[in-house]
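# Results of the structural survey
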Amino acid sequence: MGTKDELLLQHEIEIMAGILESKAQYRKIVKAGIAKWVKDFQDGRIEIKTVDDLKKLIEIDIELQKDDI
């Protein structure tokens, strides 16, 4: 059986893996939202005055990518 330090490190690794997996899933959702917004805009269902939703999606995507750099 491992020492307390080894167990703590293993626990921290598992937590980080969970966080990274969640971030990857969130990015997929955000990217799908951006693609849907762009398609709706191209199809004329969104007017240029409503770009705030796209801006929010892009900002979320950037935030999720910050740790990847």
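Going by the structure above, here's the rest.
These remarks concern the structure in this document. (Residues numbered from 1 in each chain as written. Predicted model: local features only at pLDDT ≥ 70, side-chain atom pairs only at ≥ 80, totals over all residues. Heavy atoms only, no water.)

## Topic: the overall build of the protein
For the record, the criterion: The helix count covers DSSP runs of H or I at least four residues long, the strand count covers runs of E at least two residues long, and both are numbered beginning at the N terminus. Two things to know: the radius of gyration comes from C-alpha atoms, and the globule rule equals 2.2 Å times the number of residues to the power 0.38. Only protein chains enter the accessibility calculation, which uses a 1.4 Å probe; a residue is then buried when its area is under 20% of its type maximum, exposed when over 50%, and partly exposed in between. Reported accessibility uses the Shrake-Rupley method at a 1.4 Å probe radius. Residues are deemed covered only where the shown protein chains occlude them. When charges are tallied, Lys and Arg are placed among the positive residues and Asp and Glu among the negative ones, while His and the ends of the chain are skipped. Working definition for charges: the position is that of NZ of Lys, CZ of Arg, CG of Asp or CD of Glu.
Scanning the protein from N- to C-terminus turns up 2 helices and 0 strands. Here the C-alpha atoms of the protein give a radius of gyration of 19 Å, more than 25% beyond the 11 Å that 2.2 N^0.38 yields for 69 residues. Out of the 69 residues belonging to the protein, those deemed buried represent 14%. Here the protein has roughly 5,900 Å² of accessible surface; of this, 62% comes from carbon and sulfur atoms. Separation of charge centres in the protein, based on 12 positive and 15 negative side chains, amounts to 7 Å.

## Observations concerning the side chain of aspartate 40
Our working definition: Two residues qualify as a contact provided that any one of their heavy atoms is within 4.5 Å of a heavy atom in the partner residue.
Tracing the backbone shows aspartate 40 in helix α1 (residues 4-42). Those residues in contact with aspartate 40, other than ones at most four positions away along the chain, are Arg45 and Ile46.

## A few points about helix α2 (residues 52-65)
Stated formally: Expected span of a helix: the number of residues minus one, times 1.5 Å. This arc describes the spread of directions from the helix axis toward the C-beta atoms.
The first and last C-alpha atoms of α2 sit 20 Å apart over 14 residues, in line with the 20 Å expected at 1.5 Å per residue. Leu54, Asp61 and Leu64 are the residues of α2 that are buried. The arc that holds every buried residue of α2, seen down its axis, measures 90°, which confines them to one face.

## Focus on the nonpolar core
Most often, soluble globular proteins keep nonpolar side chains buried together rather than apart. To be explicit about the condition: Side-chain atoms within 4.5 Å link the members of a nonpolar core, which is a set of buried Ala, Val, Leu, Ile, Met, Phe, Trp, Tyr and Cys residues.
Val30, Ile34, Trp37, Ile46, Leu54 and Leu64 together form the largest nonpolar core, which totals 6 residues. Contributions of two or more residues to this core are made by α1 and α2. In terms of residue count, the dominant contributor to this core is α1 (3 residues).

## Remarks on the packing of α1 against α2
Worth spelling out the cut-off: Each axis is a line fitted through C-alpha atoms, and for a helix only the stretch in contact is used; angles between axes span 0 to 180 degrees, taken between their N-to-C directions. Geometric relationships in this document are graded by angle, where less than 35 degrees denotes roughly parallel, more than 145 denotes roughly antiparallel, 65 to 115 denotes roughly perpendicular, and other angles denote oblique. Left-handed describes a crossing whose near helix is turned anticlockwise from the far helix by less than a right angle; the clockwise case is right-handed. Here the nonpolar group is Ala, Val, Leu, Ile, Met, Phe, Trp, Tyr, Cys and Pro; Asp, Glu, Lys and Arg are the charged ones; every other residue, Gly included, is treated as polar.
Between α1 and α2, the least distance of the axes is 9 Å, while the angle of their chain directions is 155°. The pairing of α1 with α2 is recorded here as roughly antiparallel in orientation. The element α1 and its partner α2 pack so that their crossing is left-handed. Contact residues: Lys23, Tyr26, Arg27, Val30, Lys31, Gly33, Ile34 and Trp37 in α1; Asp53, Leu54, Leu57, Ile58, Ile60, Asp61, Leu64 and Gln65 in α2. Within the contact of α1 with α2, the residues separate by chemical class into 9 nonpolar, 2 polar and 5 charged.

## A look at a nonpolar patch on the surface
Worth spelling out the cut-off: A patch consists of residues whose relative accessible area exceeds 30% and which take part in no salt bridge; residues with like charges are grouped when within 9 Å of each other, and nonpolar side chains (Val, Leu, Ile, Met, Phe, Trp, Tyr) when within 5 Å. We count a salt bridge whenever a side-chain nitrogen from Lys or Arg sits within 4 Å of a carboxyl oxygen from Asp or Glu.
On the surface, Ile15, Met16, Ile19 and Leu20 cluster together into a nonpolar patch covering about 360 Å² of accessible area. Structurally, the position occupied by isoleucine 15 is in helix α1.

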